[in-house]
Amino acid sequence: MKHESFNESTEMYLKTISELSEKEGAQVPISALAERMGVSNVSATEMVHRLGKQGLLEHAPYKGVSLSDTGRQRATAIIRNHHMWECFLAGKLDLPWEQVHDFACRLEHATDAVVTEALAVYLDQPRRCPHGNPIPGEDGKIPVLVDLPLTELEPGQGGTISRISPESTLLLEYLSTRQLKPGQFVRFTEVAPFNGPLMVRCAGENHALGYEVAAHIFVEIDEKDSD
């Protein structure tokens, strides 16, 4: 059973902080949290104070927020719910890769642990979601991946797309039309002049990607680097 304070809004904040903490570091700026949640800084700050009083996170003024042990446990449980549903919807119901994230977002908050673990058994304990992100274990531990966002590659470097993180339906739809998915080899060729987009080659096609998009595409560098 869910703790009464773990309503959908609370869970979304905890999940978002967990996802952003990888990108932002141990502490997530409230401005980054507000932007991702689509709310004002004032609204995000109010919720942060509320969650802090519930012992779900810690807030360091002028620095950011980080999850407490309790908050982290709930966040990883929600992320596990989410990715299990993505695996089921894409792998068993054959729903489009770019759409299952949105469906899973609706299901993750209404799923008890017993259902999630039944899904895990049915799906033969998947380790990654369809978008390549590691699935937290039942113990809440998240496997560490050795990869880099495209924005950190040097021109000429290439590798295999490992995951899309953080996910969003709009981003996934954009990448799907360009076949920029996990498992595809991608090469970073150049940066256009005057802070222009990143030019990459994937599946025999050239693509111009803005920094914001490229930052969500993680790559496992191929030392052999053969296209």
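Conventions adopted
Residues numbered from 1 in each chain as written. Predicted model: local features only at pLDDT ≥ 70, side-chain atom pairs only at ≥ 80, totals over all residues. Heavy atoms only, no water. Phe/Tyr/Trp six-rings, centres within 6.5 Å; stacked < 30°, edge-to-face > 60°. Helix = DSSP H or I, 4+ residues; strand = E, 2+ residues; numbered from the N terminus. Buried < 20%, exposed > 50% of the residue type's maximum accessible area, 1.4 Å probe, protein only. Lys NZ or Arg CZ within 6 Å of the ring centre and 35° of its normal. Axes fitted to C-alpha atoms, helices over the stretch in contact; angles between N-to-C directions. Parallel < 35°, antiparallel > 145°, perpendicular 65-115°, else oblique. Left-handed = near helix turned anticlockwise from the far one by under 90°. Contact = heavy atoms within 4.5 Å. Nonpolar A, V, L, I, M, F, W, Y, C, P; charged D, E, K, R; others polar. Pairing = 2+ DSSP bridges. Salt bridge = Lys/Arg side-chain N within 4 Å of Asp/Glu carboxyl O.

*Asks:* Could you clarify how one ought to interpret the packing of aromatic side chains in this entry?
*Replies:* The way to describe two aromatic rings as a pair is by their centre distance and the angle between their planes. Going through the model one piece at a time under the given rule, you end up with two aromatic pairs. With centroids separated by 5.9 Å and ring planes inclined at 80 degrees, the aromatic side chains of Trp85 and Phe88 adopt a geometry described as edge-to-face. Within this pair, Trp85 and its partner Phe88 are both found in helix H4 (residues 69-91), separated by three residues, close to a single helical turn. Residue classification places Trp85 among the buried residues on the basis of a relative accessible area of 15%. In this structure an aromatic cluster arises from ring pairing among Trp85, Phe88 and Tyr122. Lys92 extends its terminal NZ or CZ atom over the ring of Tyr122, reaching a point 5.3 Å from the ring centre. Across the ring face of Tyr174, the terminal group of Arg178 is positioned such that the distance to the ring centre comes to 3.7 Å.

*Asks:* Explanation requested: the packing of H4 against helix H5 (residues 100-107) in the structure shown.
*Replies:* Helix-helix packing: each pair is described by the crossing angle between the helix axes and the interaxial distance. Relative orientation of the contacting elements H4 and H5 amounts to 130 degrees, with a least axis distance of 8 Å. The orientation of H4 relative to H5 falls into the category oblique. Once H4 is placed against H5, the crossing between them reads as right-handed. Within the contact between the two elements, H4 uses His82, Trp85, Glu86, Leu89 and Ala90 and H5 uses Val100, His101, Phe103, Ala104, Cys105 and Leu107. For the contact of H4 with H5, the per-class residue count stands at eight nonpolar, two polar and one charged.

*Asks:* Teacher, can you tell me more about the sheet that holds strand E6 (residues 198-202) here?
*Replies:* Strand-to-strand pairing in sheets goes through backbone hydrogen bonds, with the strands running parallel or antiparallel. Taken together, the six strands give an open sheet; going across it, the order is E3-E8-E4-E5-E6-E7, and neighbouring strands pair in antiparallel fashion. A single partner strand is all that each edge strand has here, and the edge strands are strand E3 (148-149) and strand E7 (205-209). Those strands touched by helix H7 (residues 169-176) are strand E4 (158-164), E7 and strand E8 (217-221), and its axis lies near 145 degrees from that of E4.

*Asks:* Can you help me understand the pattern of salt bridges in this one?
*Replies:* Proximity of charged atoms lets side chains of opposite charge pair with each other. Applying the stated criterion across every chain, the model contains eight salt bridges. A salt bridge links Glu11 to Arg74; the shortest N-O distance between them is 2.8 Å. Taken together, the positions of Glu11 in helix H1 (residues 8-24) and Arg74 in helix H4 put the pair 63 residues apart, joining distant regions of the chain. Put simply, Glu220 and Arg128 hold a salt bridge, and the shortest N to O gap is 3.3 Å. Taken together, the residues Glu220 in strand E8 and Arg128 in the loop between helix H6 (113-122) and E3 connect sequence positions 92 residues apart. The exposure class of Glu220 is partly exposed, given its relative accessible area of 32%. Note on Arg128: relative accessible area 32%, which makes it partly exposed.

*Asks:* Looking at this structure, how should I read the pairing of E8?
*Replies:* Here is the key point about a regular strand: its side chains alternate between the two faces of the sheet. Relative to E8, E3 runs antiparallel, the two being bridged by two bridges. Residue pairing across strands places Pro149 opposite Phe218, the latter belonging to E8. As paired elements, E4 and E8 share five bridges and run antiparallel to each other. Residue Ile161 lies in a different strand from E8, and its bridge partner there is Val219.

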